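# An overview of the molecular structure
The chain contents come next:
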Amino acid sequence: MIQKEIDNFRSLGPLLLPGLIDLNHLEEINNYDDYAILTFSLSEPMSIEDVMDNMEDQMELNILYHMVTSDSTDSGQHCCAYANPTFGHMYKLNAQTEMSGKVETIYVYVYSSLEIMLEDLKNDLDQHSGFGHFKTKMEMSRFVSDFM
């Protein structure tokens, strides 16, 4: 089942997110029981704002959070967006700035079920709480409602 979701994303991702997803830059795929992680390098490093703009331009995606570890540097910023389940897709994207202050890699998590995806989104948000402060953070009740 997860292979079908991977194949679907590999077909759909470059069309939906051409500024972020390029199959020529697919570095690796790690398969697990209930999900897979597809690692894409960016052809050109981007600011996290540009990455988030690309995500926001896709109506299917919702920004879960943008977290900053320190206001004194551009490195260490994290963002996450997820596909709204009403569109029939089960994936999220994570990015973080490197020491350069730019995003160089996009991590795409593809899920076998909505239940696994929802739990991972909750865990992702919990794991990033306390490492800095959120510039943007969707309330849990809001994103959980997408799965009802």
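Just so it is clear, the structure is predicted and the values come from calculations on it, not from any experiment.

## A short note on the overall build of the protein
- Helices and strands together make up the secondary structure of the protein, namely 4 helices and 7 strands.
- Along the protein, helices (α) and strands (β) appear in the sequence α-β-β-α-β-β-β-β-α-β-α when read from the amino end.
- For 148 residues, the compact-globule estimate of 2.2 N^0.38 gives 15 Å, and the protein sits close to it at 14 Å.
- Projected onto its principal axes, the C-alpha coordinates of the protein cover approximately 45 × 35 × 25 Å.
- In the protein, which comprises 148 residues, the proportion classed as buried is 47%.
- Taking the contacts inside the protein whose residues are at least 6 apart along the sequence as the reference set, 56% of them involve residues at least 24 apart.
- The average position of the 8 basic charges and that of the 25 acidic charges among the side chains of the protein differ by 4 Å.

## Remarks on the confidence of the model for the protein
- Averaged over the protein, the pLDDT score is 93; the fraction of residues at 70 or greater is 100%.
- The weakest mean pLDDT in the protein belongs to helix α4 (residues 140–145) at 89; the strongest belongs to strand β6 (residues 103–111) at 98.

## Digging into the nonpolar core
- One finds I106 and V108 to be the most contacted residues of the largest nonpolar core, which totals 28 residues.
- Counting only elements with at least two residues in this core, the list comes to α1 (2–16), β2 (35–46), α2 (48–56), β3 (61–68), β4 (77–83), β5 (91–97) and β6.
- Of all the elements, β2 adds the most residues to this core, at 5 residues.
- Ranked by size, the runner-up nonpolar core spans 17 residues in total, among them L64, C80, Y111 and L121.

## Thoughts on the sheet that holds strand β1 (residues 26–31)
- As summarised here, the arrangement of the 7 strands in space is β1-β2-β6-β5-β4-β3-β7, forming an open sheet in which the pairing is antiparallel. Two strands close off the open sheet at either side, each with one partner strand: β1 and β7 (133–137). Strand-to-strand twist in this sheet, taken as the mean axis angle between neighbours without regard to direction, amounts to 15°.
- Pairing of β5 with β6, which is carried by 6 bridges, proceeds in the antiparallel orientation. Within β6, the residue paired with Y91 across the bridge is V110.

## Comments concerning α2
- When α2 is considered as a whole, its buried residues turn out to be I48, V51, M52 and M55. Seen end-on, α2 carries its buried residues on one side only, within an arc spanning 95°.
- Where α2 is buried, its residues touch β2, β3, β4, β5 and β6.

## Quick notes on the pattern of salt bridges
- Inspection of the entire model under this criterion finds 4 salt bridges.
- For K92, the salt bridge goes to D124, with nearest N and O atoms at 2.5 Å. Of this pair, K92 sits in strand β5 while D124 sits in helix α3 (residues 114–128), and the two are 32 residues apart along the sequence.
- For D124, a relative accessible area of 4% puts it in the buried group.

## Describing the packing of aromatic side chains
- Counted by the stated rule, this structure contains 8 aromatic pairs.
- Ring geometry for Y35 against Y109: centres 6.3 Å apart, planes inclined by 25°, an arrangement best described as stacked. Residue Y35 is located in strand β2, and its partner Y109 is located in strand β6; the two are separated by 74 residues in the primary sequence.
- The positively charged end of K92 is found above the aromatic ring belonging to Y109, 4.4 Å away from the centroid.

Parameters at a glance
Residues numbered from 1 in each chain as written. Predicted model: local features only at pLDDT ≥ 70, side-chain atom pairs only at ≥ 80, totals over all residues. Heavy atoms only, no water. Helix = DSSP H or I, 4+ residues; strand = E, 2+ residues; numbered from the N terminus. Rg over C-alpha atoms; globule rule 2.2 N^0.38 Å. Buried < 20%, exposed > 50% of the residue type's maximum accessible area, 1.4 Å probe, protein only. Contact = heavy atoms within 4.5 Å. Lys, Arg positive; Asp, Glu negative; His and termini not counted. Charge placed at Lys NZ, Arg CZ, Asp CG, Glu CD. pLDDT = per-residue confidence, 0-100. Core = buried A, V, L, I, M, F, W, Y, C linked by side-chain atoms within 4.5 Å. Pairing = 2+ DSSP bridges. Axes fitted to C-alpha atoms, helices over the stretch in contact; angles between N-to-C directions. Arc of directions from axis to C-beta. Salt bridge = Lys/Arg side-chain N within 4 Å of Asp/Glu carboxyl O. Phe/Tyr/Trp six-rings, centres within 6.5 Å; stacked < 30°, edge-to-face > 60°. Lys NZ or Arg CZ within 6 Å of the ring centre and 35° of its normal.

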